[in-house]
Amino acid sequence: MQCYVFFGIQGSGKGTQAELLSRELDFQHVNMGDLLREQVSQQTELGRRVQDIIARGELVPDDLIFEIIDISLLPGCQGIVFDGFPRTVNQAEYLVRHFEVLQVFFLELDEAEAIERISSRRVCSECGANFNLISHKPLREGVCDICGGDLAIRKDDRPEAITKRLKEFYEQTLVLKEFFSELRLLSVIKASGSVTSIARDINAVVHQVKH
Ligand code: AMP
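Everything quoted here is computed from the prediction, not taken from an experiment. (Residues numbered from 1 in each chain as written. Predicted model: local features only at pLDDT ≥ 70, side-chain atom pairs only at ≥ 80, totals over all residues. Heavy atoms only, no water.)

### Concerning the pairing of strand 4 (residues 100-108)
For step 1, the next point in the chain: Of all nine residues in strand 4, seven are buried; the element is thus mostly enclosed.
For step 2, the next point in the chain: As paired strands, strand 1 (residues 2-8) and strand 4 are joined by seven bridges and run parallel to one another. When the bridges of strand 4 are listed, tyrosine 4 appears paired with glutamine 103.
For step 3, the next point in the chain: In this sheet, strand 8 (residues 186-190) lies alongside strand 4 in parallel orientation, the contact comprising five bridges. Residue valine 104 lies in a different strand from strand 8, and its bridge partner there is leucine 186. (Buried < 20%, exposed > 50% of the residue type's maximum accessible area, 1.4 Å probe, protein only. Helix = DSSP H or I, 4+ residues; strand = E, 2+ residues; numbered from the N terminus. Pairing = 2+ DSSP bridges.)

See the structure below:
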């Protein structure tokens, strides 16, 4: 199965860009954070095992991540856009063993801007839609545009958990730049511009990659 991969610091916009690319290519968007939060909100056995880990901002053990991938891939999908996976070298090795990786996008953003973006993020407690008080404001303060639900701060977007998540990113995930660069699969994309201009940069690379 062919796939594209997005990774980057929290708040770099990988969810937004992965969603756009998956729609354009008609690939399945696999957003690992959303899949995990879904398991938590449904209180499945796996969800109960990971909820405290996620709330603390730590990484979920690799074997549970592989289990989620197994149960989430849609039969008959044409390809996958992974977002938030892989986040460790062990996960990256699993990825290249099981999938044909077409290209990996590292969305580059400095830490101060990342923290500002994360702190202004709000999520609907009913339907899970994402908003941002700076770049994607809801029409009515505190209310979801889509379903009218209350907007809240994600538990792991609170300062203590953000610090932990950034630490995990530097210690476990950043090394994947080297990993994919050695495989000649890495594209570094500047993530501080507008959604449209970043999407344009990504598309330019995708058009050069044969799939
Ligand atoms: P995200 O929405 O991408 O920021 O992910 C939220 C949380 O889910 C992370 O802070 C981790 O606790 C967990 N998580 C998401 N993806 C992974 C992964 N590939 N490996 C381990 N934990 C993950």
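### Some details on the site of the ligand
For step 1, the next point in the chain: Close to the ligand lie 16 residues; Glu58, Gly84, Arg87, Gln91 and Arg165 are nearest.
For step 2, the next point in the chain: The separation between an oxygen atom of the ligand and a polar side-chain atom of arginine 165 is 3.0 Å.
For step 3, the next point in the chain: Against a free-state accessible area of 480 Å², the protein chains account for coverage of 96% of the ligand.
For step 4, the next point in the chain: With four residues, the top contributor of residues to the shell around the ligand is helix 2 (residues 32-41).
For step 5, the next point in the chain: A class-by-class count of the residues in the shell around the ligand yields seven nonpolar, three polar and six charged. (Near = heavy atom within 4 Å. Polar contact = N/O pair within 3.5 Å; in protein donor to acceptor, adjacent residues only side chain to side chain. Areas by Shrake-Rupley, 256 points an atom, 1.4 Å probe, with all protein chains shown as cover. Nonpolar A, V, L, I, M, F, W, Y, C, P; charged D, E, K, R; others polar.)

### Quick word on the packing of aromatic side chains
A ring pair, where both rings are aromatic, is described by two values, the distance of the centres and the angle of the planes.
For step 1, the next point in the chain: This structure, assessed with the given rule, holds 10 aromatic pairs.
For step 2, the next point in the chain: Both rings, one in phenylalanine 7 and one in phenylalanine 180, keep their centres 6.4 Å apart while their planes meet at 50°; by these two values the pair is tilted. Of this pair, phenylalanine 7 sits in strand 1 while phenylalanine 180 sits in helix 8 (residues 176-182); the two residues are 173 residues apart in sequence, bridging distant segments of the chain.
For step 3, the next point in the chain: A relative accessible area of 2% means that phenylalanine 7 is categorised as buried.
For step 4, the next point in the chain: By relative accessible area, phenylalanine 180 is classed as buried at 0%. (Phe/Tyr/Trp six-rings, centres within 6.5 Å; stacked < 30°, edge-to-face > 60°.)

### Quick look at the side chain of glutamine 10
For step 1, the next point in the chain: Looking at the element boundaries, glutamine 10 is found in the loop between strand 1 and helix 1 (14-25).
For step 2, the next point in the chain: If we skip the residues at most four places from it in the chain, glutamine 10 touches Arg87, Ala114, Ile118, Arg165, Leu166 and Phe169. (Contact = heavy atoms within 4.5 Å.)

### A few points about the sheet that holds strand 2 (residues 28-31)
For step 1, the next point in the chain: Taken together, the five strands give an open sheet; going across it, the order is 2-3-1-4-8, and neighbouring strands pair in parallel fashion. Two strands lie at the open edges of the sheet, namely strand 2 and strand 8, each paired on one side alone. Sheet twist, expressed as the mean angle between neighbouring strand axes with direction ignored, is 20°. (Axes fitted to C-alpha atoms, helices over the stretch in contact; angles between N-to-C directions.)

### A word on helix 3 (residues 45-56)
For step 1, the next point in the chain: All of the buried residues along helix 3 are Leu46, Gly47, Val50, Ile53 and Ile54. Buried positions in helix 3, seen along its axis, are confined to an arc of 135° and lie on one side of it. For helix 3, the exposed residues lying more than 90 degrees away from the buried face are Glu45 and Asp52.
For step 2, the next point in the chain: Among the structural elements, helix 2 and helix 4 (62-72) are those in contact with the buried residues of helix 3.
For step 3, the next point in the chain: Where helix 3 ends, the next residue or the one after it, glycine 57, has phi of about 90°, a positive value. (Arc of directions from axis to C-beta.)

### A short note on the sheet that holds strand 6 (residues 130-132)
For step 1, the next point in the chain: What the three strands build is an open sheet, ordered 6-5-7; its pairing is antiparallel. Two strands lie at the open edges of the sheet, namely strand 6 and strand 7 (151-152), each paired on one side alone.
For step 2, the next point in the chain: Pairing between strand 5 (residues 121-124) and strand 7: two bridges, direction antiparallel. Of the residues in strand 7, the one forming a bridge with valine 123 is alanine 152.

### Re the environment of alanine 55
For step 1, the next point in the chain: Mapped onto the elements of the fold, alanine 55 is located in helix 3.
For step 2, the next point in the chain: According to the relative accessible area criterion, alanine 55 is partly exposed, its value standing at 27%.
For step 3, the next point in the chain: The spacing of alanine 55 and arginine 154 is 99 residues in sequence and 8.7 Å in space, taken between C-alpha atoms.
For step 4, the next point in the chain: Dropping the residues within four chain positions of it, alanine 55 is found in contact with Lys155, Asp156 and Ala161.

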